[in-house]
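Results of the structural survey
Read off the chains here:
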Amino acid sequence: MNPETALAEITETLAAANEWLMVDASGKSFAVQKAEIEITRERGKIICGFLDERGFQLWRVTDYRIENKNLTLAVTRNFGRENDKIKFVPRTSAGELSAAVELARLVQANQIA
């Protein structure tokens, strides 16, 4: 994994949505805002920081995969003693859902009329 390219691709993917659903390997999910996810490069390694129910977490990214707008990170910390996979799934905001429902209602009303 090339840290420079990986950092650019991960950052670009995360910038695509304002809200994300973060799912760990056990299936536990947590909603996060784009601003609550921090991706940095330190000493040639990519570090992912995010806020969850346990507070602010820092993990080193060992691998990543981008598939259908979803981002999967293989992460580690504590000198490799803890390993996990974290999946970021873009989440549609409530405002966008509301607008889509309103548009569907208008289309249906126009068809009935």
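In this report, the structure presented in the accompanying data block is examined. (Residues numbered from 1 in each chain as written. Predicted model: local features only at pLDDT ≥ 70, side-chain atom pairs only at ≥ 80, totals over all residues. Heavy atoms only, no water.)

1. Brief notes about the pattern of salt bridges
In this structure the tally under the stated criterion is 3 salt bridges. Among the ionic pairs, glutamate 67 bridges to arginine 65, the shortest N-O distance being 3.3 Å. Note on arginine 65: relative accessible area 44%, which makes it partly exposed. (Salt bridge = Lys/Arg side-chain N within 4 Å of Asp/Glu carboxyl O. Buried < 20%, exposed > 50% of the residue type's maximum accessible area, 1.4 Å probe, protein only.)

2. Topic: the nonpolar core
Counting residues in hydrophobic clusters, the biggest one holds 20 residues, and the most contacted among them are Ile10, Leu14, Leu73 and Phe88. Those elements giving two or more residues to this core turn out to be helix H1 (3-15), strand S1 (19-24), strand S3 (37-42), strand S4 (45-52), strand S5 (55-67), strand S6 (70-77) and strand S7 (82-91). Every residue in contact with isoleucine 10, bar those within four places of it in the chain, is listed here: Ile39, Val61, Tyr64, Leu71 and Leu73. (Core = buried A, V, L, I, M, F, W, Y, C linked by side-chain atoms within 4.5 Å. Helix = DSSP H or I, 4+ residues; strand = E, 2+ residues; numbered from the N terminus. Contact = heavy atoms within 4.5 Å.)

3. Thoughts on unusual backbone geometry
At asparagine 78, a position not held by glycine, the phi torsion is positive, near 55 degrees. Its location among the elements puts asparagine 78 in the loop between S6 and S7. Residue asparagine 78 is classed as partly exposed on the basis of its relative accessible area, which comes to 41%. The phi dihedral of phenylalanine 79 falls on the positive side, at around 55 degrees, and the residue is not glycine. Following the sequence through the fold, phenylalanine 79 ends up in the loop between S6 and S7.

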